Amino acid sequence: MEHRHIRNFIDGEWRESLSGDRKAVINPATGEEIATHTNSAAEDARSAIESARKAFDGSGEWRRMDAQKRADIIFKIADKIEERAGELARAECLNNGKPLREAEADVSDAAHCFRYYAGLITKPHGSVYNVNESFGKMRSFTVREPIGVCGLITPWNYPLLMGIWKIAPALVAGNCIVYKPSSNTPLSSGILFEIFDEIGLPRGTANMVIGPGSSVGTTLAESGDVDMVTFTGSTEVGQDIARRAAGSLKKIGLELGGKSPNIIFADADLEGAVEWAMIGIFFNQGEVCSAGSRIIIEKSLEKQFMKRFAERAEAITLGNPLDNPDMGPLISESHMNTVLKYIEIGKAEGARCVCGGYRYTEGPCASGFFVRPTIFDQCTPDMRIVREDIFGPVATVQTFETEDEAIRIANDSEYGLAGAVFTTDGARALRVVDELRAGITWVNCYNPCFTEAPWGGYKKSGIGRDLGVEGFEEYQEVKQVNINLTPGPIGWY
Ligand code: NAD
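Keep in mind the model is a prediction, meaning the values are calculated, not measured. (Residues numbered from 1 in each chain as written. Predicted model: local features only at pLDDT ≥ 70, side-chain atom pairs only at ≥ 80, totals over all residues. Heavy atoms only, no water.)

S.K.: Is there a simple way to think about the overall build of the chain in this case?
M.R.: Counting secondary structure elements, the chain contains 16 helices and 23 strands. Scaling as 2.2 N^0.38, a compact globule of 493 residues should have a C-alpha radius of gyration of about 23 Å, and the chain matches this with 24 Å. In terms of overall dimensions, the chain has a C-alpha envelope of 80 × 60 × 40 Å along the principal axes. In the chain, of all internal contacts separated by at least 6 residues, the share reaching a separation of at least 24 is 74%. Looking at the chain as shown, the accessible area adds up to about 19700 Å², and 50% of this sits on carbon and sulfur atoms. For the chain, the separation between the mean place of its 52 positive charges and that of its 68 negative charges on side chains is 3 Å. (Helix = DSSP H or I, 4+ residues; strand = E, 2+ residues; numbered from the N terminus. Rg over C-alpha atoms; globule rule 2.2 N^0.38 Å. Contact = heavy atoms within 4.5 Å. Areas by Shrake-Rupley, 256 points an atom, 1.4 Å probe, with all protein chains shown as cover. Lys, Arg positive; Asp, Glu negative; His and termini not counted. Charge placed at Lys NZ, Arg CZ, Asp CG, Glu CD.)

S.K.: Before we go on, may I ask you to explain the site of the ligand in this structure?
M.R.: The ligand sits among 26 residues. The nearest are T154, K180, S234, D240 and L256. With respect to the ligand, the backbone of G233 contributes an N or O atom lying 3.4 Å from an oxygen atom. The contact in question runs from an oxygen atom of the ligand to an N or O atom on the side chain of D389, over 3.0 Å. In the complex, 87% of the free accessible area of the ligand, which totals 850 Å², lies under the protein chains. Counting only elements with at least two residues in the shell around the ligand, the list comes to α8 (213–222), β11 (228–232) and α9 (235–246). Across the shell around the ligand, the residue classes tally to 12 nonpolar, 10 polar and 4 charged. Counting the residues that make up the shell around the ligand, at least three belong to each of domain 1 (4–256 + 461–480) and domain 2 (261–443). (Near = heavy atom within 4 Å. Polar contact = N/O pair within 3.5 Å; in protein donor to acceptor, adjacent residues only side chain to side chain. Nonpolar A, V, L, I, M, F, W, Y, C, P; charged D, E, K, R; others polar. Domains from an automatic or database assignment.)

S.K.: When you look at the sheet that holds strand β17 (residues 394–400) in this model, what are you seeing that I'm missing?
M.R.: With respect to topology, 7 strands assemble into an open sheet ordered β15-β16-β17-β14-β13-β19-β20, the strand pairing being mixed. Lying at the two open borders of the sheet, with one neighbouring strand each, are β15 (352–355) and β20 (440–443). In this sheet, neighbouring strand axes are inclined to one another by 20 degrees on average, regardless of whether the strands run parallel or antiparallel. Bridge count between strand β16 (residues 374–377) and β17: 3 bridges; the pairing is parallel. (Pairing = 2+ DSSP bridges. Axes fitted to C-alpha atoms, helices over the stretch in contact; angles between N-to-C directions.)

S.K.: Would you mind showing me how to read unusual backbone geometry here?
M.R.: Negative phi values dominate among residues other than glycine, just as trans dominates among peptide bonds. Phi is positive for L249, close to 45 degrees, though the residue is something other than glycine. Here L249 shows up in the loop between α9 and β12 (251–255). A relative accessible area of 73% means that L249 is categorised as exposed. Residues other than glycine seldom take positive phi values, yet Q285 does so here, at roughly 60 degrees. Considering the arrangement of structural elements, one finds Q285 in the loop between α10 (270–282) and β14 (294–298). (Buried < 20%, exposed > 50% of the residue type's maximum accessible area, 1.4 Å probe, protein only.)

S.K.: Honestly, helix α12 (residues 333–349) in this entry has me stumped. Any pointers?
M.R.: For an α-helix, the turn length of 3.6 residues means that residues three or four places apart are oriented alike. If you check α12, its first and last C-alpha atoms are 24 Å apart, about what 17 residues at 1.5 Å a residue would give, namely 24 Å. For α12, the set of buried residues is H335, M336, V339, L340, Y342, I343, I345 and G346. Where α12 is buried, its residues meet β16, α13 (384–387) and β17. Where α12 terminates, the next one or two residues include G350, which has phi positive at roughly 100 degrees. (Expected span 1.5 Å × (residues − 1).)

Okay, structure coming up:
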């Protein structure tokens, strides 16, 4: 891919930041620069907010547009994503480090997400209520309307998909948006906005500003001209955004971190449980918010499970993501160092490192940010590696002897994003799922995620939902309309 420069997209124009500042975009598999992006500041964010505000409050062309016409435009975006699928997948692979086949699957999901929401806008919505007659005969109904200007802030682990989970429903609902992708991974977002430019969304409807969270992100969170801020990322930043958003009492959506339990009972299908546990913690290099990072296994199966789990983790291949190894590099040198630091903490805390536990620099991985898949057993509930969101290929293993104990260990976390149970006893599976304090649960599988179903967390894992009908309604206001069916005085005054 030729070296690119990615600019902001504001008020229908490609713009440099007002300061003219630029920053390098790094390929994490090699450490080399593959692109630059305009490095924006608060003033650029303010100009994008102004553009979105003008588009929403001024002509209001997008929000007033016939729903079918709006849907037709969104369907065209999905078609264009498919036309440029190869280019998008390659950009995602080079910029994020995920294996190419995973990037291809993300691009396919991205097109599907636009189509799903485009279909939804033309379906019935709102409700009619049979209200009591204390004010005379009335009919009450609700309509759904766009919220206004939405600020969307996303992380680097699924650069395209995390953006589209928010962009698609926000736009389809008729909002105007200011999107801030992670400045680590702006490549695929640059292509997405080229598509928006080509399709010709009304001027100012979709704006993109690339820059640090500490200036661009905080401006979106604080601005009184932004009606909603929705964020995917770490819990600490989510808390900061909630505090800043409180000043204008704007609506917030937060998809945050996790430390999700994967409970395996002795009656589970062993090979299935091992493979799904690997998908749970090593897929996307473990840089998955819902990763099954805490494996909680019934004591009587521990030895057998650990033998297979470690053997298979040892066999995982690392390499150039374009060659489709099992795993690619972590996103950046600093994130790799954080993960390596946690591995050292785990060792110092007395957990046993069963496999991995180091930076991998063999062959094509010499200068990239690769960490071998790492498993710790003999873990206890107080260890930092058991409690904190590492966001890398590091699994901890704890054991239990009773169902109640398994549930207690699983729920012993400040997070509540996801969790899974492996058992061939159907009633037990449902009992455990009922008790898990988590927004996403799986039985005999780990990590499948569907555009059609809501995604989000309990506890410190977030507020609100992405995806599904619920993820559409997040971007809508509900207006109540009451109609007097017998106009005239009612004799009160
Ligand atoms: P991060 O929180 O550091 O950054 C996420 C985004 O927020 C980036 O665009 C960043 O520039 C911006 N940002 C940073 N500080 C900000 C501030 N003060 N105000 C406004 N914006 C700010 O997260 P990350 O390192 O990019 O991603 C990893 C984290 O994201 C992990 O904790 C992971 O669990 C979480 N995550 C959650 C989900 C989910 O659906 N729940 C999905 C993916 C990632």
